[in-house]
Amino acid sequence: MSAIDPVELAQALIRRPSVTPRDEGAMGVVQEALERLGFDCRRMRFGEIENLYARRGSSGPNLCFAGHTDVVPVGDERAWSSGPFAGEIRDGTLYGRGAADMKGAIAAFIAAVSQAPVPPKGSLSFLITGDEEGVATDGTCKVVEALEAQGEKIDHCIVGEPSSSEALGDMVKIGRRGSLNATFTVEGRQGHVAYPQRAANPIRPLIELLARLQAHRLDDGYPGFQPSNLEITTVDVGNAATNVIPARASGRLNIRFNPAHTSASLTAWLEAERLAFEAGFAGGRIGLDVQVSGEAFLTEPGPFVELIQQACGAAVGRDPELSTSGGTSDARFIRRLCPVVELGLVGKSMHAVDEHVPARDLQDLTRLYGDLIGRYFARFA
Ligand SMILES: [Zn+2]
């Protein structure tokens, strides 16, 4: 079993233009590398999405690495200094879509496994999806359901999202806020602006309702989290006339919430407000549609989190901040199975033109993951 170079593997992955939902052979590159390392690979295809669960070993504890091979679109390709899927190295830096988010981290974890001694007890596994950047309905969410149904046991999980802020290992994510989108649709009655008594203007209750929701203080924060926030994202009427009261108006908002709330408690609050405003809106109706992107979660500091802090200290000399900032990630699905922490590259260039990672960071992350694997089985096996 020869050691795998993380930079070469990251290049091979970047050269597969796997913009969600396309795979373009990216999952095959991962599978081939893992099979060479003795992993038993299970492909899980849901809809048009390729997913992979790979495991080496049959006993516990099972340490899982989770990640995604899909990438966001490149935008204006002419704005890139080199081809976004060329995987070019210039002055010691690897450029390409997915370099930071997160083909680089997948390559580093596979390289770390190839370089580390096989632990005498326990298992290593990979949960890799092709649908994280898209709607994420046929990705990790479904894989987690399938693994639960098969009785697969995962004890701890590292998600390789680019968690670092300024320098590798300066930040890990131990939780995420939840996210919910709500759309209010107000149906009134159309009429002439000069005769408002004959119409029911839907914009009036919509403005008042949104203003009331926006003024409501959700909380003052939660240990380790920012305060929850409600943001109105669009108000749509589409009325081209100056003398017509429109029949319909809608408004949408997003709430990023900490563990002081659940999507159910927030939905109940929104529904109560909807009912109150509908009762006061003679001649009209108000509808509410809620879409939940994910619940808030927190992996409480404990032995697993401490071990990750120690590995960052030993491998790159940094004491990582434990953060819950940022958007949602697939950790929101995996937390149903086991404690989950996000640890990966510096995220500054992700989703941007000229996305890149210093080759040195890939080597350092490989050492960091390798140190972590060693500590994990020493502590938990
Ligand atoms: Zn990502």
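Our structure is the block above this text.
Quick summary incoming for the structure in this document. Model, not experiment: these values are computed from the prediction. (Residues numbered from 1 in each chain as written. Predicted model: local features only at pLDDT ≥ 70, side-chain atom pairs only at ≥ 80, totals over all residues. Heavy atoms only, no water.)

1. Describing the coordination of the zinc ion
Part 1 of the argument: Here the zinc ion is held by the protein donor atoms His 68 (NE2), Asp 101 (OD), Glu 161 (OE) and Glu 161 (OE), which lie 1.9 to 2.5 Å from it.
Part 2 of the argument: Each of the 4 donor atoms around the zinc ion contributes to a set of angles spanning 53 to 137°, which defines the coordination as irregular.
Part 3 of the argument: Note on His 68: relative accessible area 1%, which makes it buried.
Part 4 of the argument: Of the residues examined, Glu 161 reaches a relative accessible area of 9% and is grouped as buried. (Donors = N, O, S within 2.8 Å, 3.2 Å for Na, K, Ca; no water. Tetrahedral: all angles 85-135°; square planar, octahedral: opposite > 155°, others 65-115°. Buried < 20%, exposed > 50% of the residue type's maximum accessible area, 1.4 Å probe, protein only.)

2. Some words on the packing of aromatic side chains
Any aromatic ring pair is given by two values, namely how distant the centres are and how the planes are angled relative to each other.
Part 1 of the argument: One pass over the structure, following the stated rule, counts 10 aromatic pairs.
Part 2 of the argument: Taken together, a centroid distance of 5.7 Å and an interplanar angle of 70° make the contact between Phe 65 and Tyr 369 edge-to-face. Of this pair, Phe 65 sits in strand β3 (residues 62-68) while Tyr 369 sits in helix α9 (residues 359-380), and the two are 304 residues apart along the sequence.
Part 3 of the argument: An angle of 85° between the planes, with centres 5.6 Å apart, marks the rings of Phe 109 and Phe 126 as edge-to-face. Taken together, the residues Phe 109 in helix α3 (residues 99-115) and Phe 126 in strand β6 (residues 123-129) connect sequence positions 17 residues apart.
Part 4 of the argument: Here Phe 109 falls in the buried class, since its relative accessible area comes to 1%.
Part 5 of the argument: Grouping aromatic residues by their ring pairs yields a cluster made of Phe 39, Phe 65, Phe 109, Phe 126 and Tyr 369.
Part 6 of the argument: Between Arg 198 and the ring centre of Tyr 195, over which it is positioned, the NZ or CZ distance is 4.2 Å. (Phe/Tyr/Trp six-rings, centres within 6.5 Å; stacked < 30°, edge-to-face > 60°. Helix = DSSP H or I, 4+ residues; strand = E, 2+ residues; numbered from the N terminus. Lys NZ or Arg CZ within 6 Å of the ring centre and 35° of its normal.)

Limitation: the analysis is restricted to geometry and does not speak to function.
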